[in-house]
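Analysis of the macromolecular model
The chain contents come next:
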Amino acid sequence: MKICVINGPNINFLGIREPDIYGRETYKSLLEKIKNHCDKNGIDVEFFQSNHEGAMVDKIQDCYGKIDGIVMNPAAYTHTSVALLDAVKAVGIPTVEIHISDVSKREDFRQVSFVRAACVKTIVGHGTDGYLEAIDFLKEYVK
Ligand code: DQA
């Protein structure tokens, strides 16, 4: 099984950006944590992060025919992007939407998620462990 973990804008600044909201764990240590979890579970994983919406659409399209499941934190594009919604629908790959913070308890503009309609599950507010939960979910889902 092969999974692609896609992170959107500013996730590369984890550990630096708003640590009271996103914690002190760095992006690099997040990737190590996910890689260890995947190794233990016999899952191949690849990572992609971009601050650019179109680059994320390109990556989702690139997963077509190669990837069994996508874990995506679209970050701010969650709340604005029809293009990401359409891309996930287009490739038809089971995708889990994940947010480190509990977006349901934050600003009104974070209550909208365009991509959610195309996702098989959404995980919010479990910190970076949410990525591991998303992977565990996909492992069962694609069986
Ligand atoms: C986020 C929540 C989004 O609202 C925000 O724009 C982010 C991170 C999260 O992981 O909690 O950049 O997706």
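Look a little higher up for the structure.
What you see is a predicted model; the values in this text were computed from it and never measured.

The rules behind the values
- Residues numbered from 1 in each chain as written.
- Predicted model: local features only at pLDDT ≥ 70, side-chain atom pairs only at ≥ 80, totals over all residues.
- Heavy atoms only, no water.
- Helix = DSSP H or I, 4+ residues; strand = E, 2+ residues; numbered from the N terminus.
- Buried < 20%, exposed > 50% of the residue type's maximum accessible area, 1.4 Å probe, protein only.
- Pairing = 2+ DSSP bridges.
- Axes fitted to C-alpha atoms, helices over the stretch in contact; angles between N-to-C directions.
- Contact = heavy atoms within 4.5 Å.
- Phe/Tyr/Trp six-rings, centres within 6.5 Å; stacked < 30°, edge-to-face > 60°.
- Polar contact = N/O pair within 3.5 Å; in protein donor to acceptor, adjacent residues only side chain to side chain.
- Salt bridge = Lys/Arg side-chain N within 4 Å of Asp/Glu carboxyl O.

Another aspect to go through is unusual backbone geometry. Outside of glycine, negative phi angles account for most residues, and trans bonds account for most peptide bonds. Although it is not a glycine, N10 sits at a positive phi angle of roughly 75°. Here N10 is to be found in the loop between β1 (2-7) and α1 (19-22). For N10, a relative accessible area of 39% puts it in the partly exposed group. One non-glycine residue, A75, lies in the positive phi region at around 50°. Structurally, A75 can be placed in the loop between β3 (69-73) and α4 (82-91). A residue is classified by how much of its surface remains accessible, and A75, at 11% relative accessible area, is buried.

The 5 strands lie next to each other as β2-β1-β3-β4-β5, forming an open sheet whose pairing is parallel. Since the sheet does not close on itself, it has two edges, and those belong to β2 (44-49) and β5 (121-124), each with one partner. Adjacent strand axes in the sheet meet at a mean angle of 20°, parallel and antiparallel pairs treated alike. Relative to β3, β1 runs parallel, the two being bridged by 5 bridges. The partner of I3 across the bridge, within β3, is G69. Strands in contact with helix α3 (residues 53-62) are β1, β2 and β3; relative to β1, the strand with the most contacts, it is inclined by about 175°.

Inspection of every chain in the model, using the stated rule, returns 1 aromatic pair. Judged by centre distance (5.6 Å) and plane angle (25°), the ring pair of F137 and Y141 falls under stacked. Taken together, the positions of F137 and Y141, both in helix α5 (residues 129-141) and 4 residues apart, correspond to about one turn of that helix. Look at F137 and you get partly exposed, because its relative accessible area is 25%.

This brings us to the side chain of T95. The topology assignment puts T95 in strand β4 (residues 95-99). Within the structure, the side chain of T95 is placed 2.8 Å from the backbone oxygen of I93, a separation counted as a polar contact. Setting aside residues no more than four positions away along its own chain, T95 makes contact with I70, M72, V88, C119, V120 and K121.

Throughout the structure, instances matching the rule amount to 13 salt bridges. The shortest N-O distance in the salt bridge between K33 and E25 comes to 3.7 Å. Among the residues examined, E25 registers a relative accessible area of 24% and is labelled partly exposed. The closest approach of N and O atoms between R106 and E107, which form a salt bridge, is 3.8 Å. Each of K2, E46, K59, D62 and K66 takes part in a single network of salt bridges with overlapping partners.

What is shown is where atoms sit, not what they do.
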